[in-house]
Amino acid sequence: MESLVPIIVQIVSGIIGGQAVGAAVKQAAMAQLPKIISGAVGGVAGGQILGTLLADPATAGAMGGLLGDAAGGLGGGAILTGVVGAIMGAMNKR
């Protein structure tokens with residue numbers, strides 16, 4: 001159960017980051033389901049990348065643990081949702 005908590009935090013914060021980007025950037029304007037999915041996937045990916053970068057105890061500092069998972073999830077969800085929104089917007093202009 002303890003191994004699921006970071007993933008759940010990454011998914012939830014990724015969805016929040018994706019929703020924020022979807023609301024703020026008009027190029028990322030898309031339906032709710034793609035925003036939720038891309039935010040969740042980006043959140044897990046961002047959390048894992050940040051966790052890998054901060055795995056070294058010398059660089060971990062305050063960004064370790066759930067705070068790092070949340071920050072990585074927000075960033076990853078926002079970035080992937082923005083990219084997916086831009087791609088979907090470009091495809092709709094054809």
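Residues numbered from 1 in each chain as written. Predicted model: local features only at pLDDT ≥ 70, side-chain atom pairs only at ≥ 80, totals over all residues. Heavy atoms only, no water.

With respect to the helices and strands, the residue serine 38 is situated in helix 2 (residues 32-53). Of the residues examined, serine 38 reaches a relative accessible area of 6% and is grouped as buried. With sequence-adjacent residues up to four places away left out, serine 38 is seen in contact with Met30, Gly77, Leu80, Thr81 and Val84. (Helix = DSSP H or I, 4+ residues; strand = E, 2+ residues; numbered from the N terminus. Buried < 20%, exposed > 50% of the residue type's maximum accessible area, 1.4 Å probe, protein only. Contact = heavy atoms within 4.5 Å.)

Summarising the element assignment, lysine 35 is placed in helix 2. Although lysine 35 is buried, it forms no salt bridge, and the closest oppositely charged side chain is aspartate 69 at an N-O distance of 25 Å. Setting aside anything within four residues of it in sequence, one finds lysine 35 in contact with Gly18, Gln19, Gly22, Met30 and Thr81. (Lys, Arg positive; Asp, Glu negative; His and termini not counted. Salt bridge = Lys/Arg side-chain N within 4 Å of Asp/Glu carboxyl O.)

For serine 13, the position within the fold is in helix 1 (residues 4-24). Judged by its relative accessible area of 7%, serine 13 falls in the buried class. Through-space distance from the C-alpha of serine 13 to that of valine 44 is 9.0 Å; in sequence the pair is 31 residues apart. Only 3.4 Å separates the side chain of serine 13 from the backbone oxygen of alanine 70, close enough to count as a polar contact. (Polar contact = N/O pair within 3.5 Å; in protein donor to acceptor, adjacent residues only side chain to side chain.)

The next subject is helix 1. Between its first and last C-alpha, helix 1 extends 30 Å over 21 residues, near the 30 Å set by a 1.5 Å rise per residue. Among all positions in helix 1, only Gln10, Ser13, Gly14, Gly17, Gly18, Val21 and Gly22 are buried. Contacts from the buried residues of helix 1 go to helix 2 and helix 4 (65-92). (Expected span 1.5 Å × (residues − 1).)

Helix length check: helix 2, at 22 residues, gives a terminal C-alpha distance of 31 Å against a target of 32 Å (1.5 Å per residue), a fit within 8%. The set of residues buried in helix 2 consists of Lys35, Ser38, Gly39, Ala40, Gly42, Gly43, Gly46 and Gly47.

This part covers the packing of helix 2 against helix 4. Between helix 2 and helix 4, the least distance of the axes is 6 Å, while the angle of their chain directions is 135°. Accordingly, the angle class assigned to the pair helix 2 and helix 4 is oblique. Every pair of crossing elements has a handedness; the one defined by helix 2 and helix 4 is right-handed. Side by side, helix 2 and helix 4 meet where Pro34, Lys35, Ser38, Gly39, Val41, Gly42, Gly43, Gly46, Gly47 and Leu50 of the first sit next to Gly68, Asp69, Ala71, Gly72, Gly73, Gly76, Gly77, Leu80, Thr81, Val84 and Met88 of the second. When grouped by side-chain class, the residues that make up the contact of helix 2 with helix 4 number seven nonpolar, twelve polar and two charged. (Axes fitted to C-alpha atoms, helices over the stretch in contact; angles between N-to-C directions. Parallel < 35°, antiparallel > 145°, perpendicular 65-115°, else oblique. Left-handed = near helix turned anticlockwise from the far one by under 90°. Nonpolar A, V, L, I, M, F, W, Y, C, P; charged D, E, K, R; others polar.)

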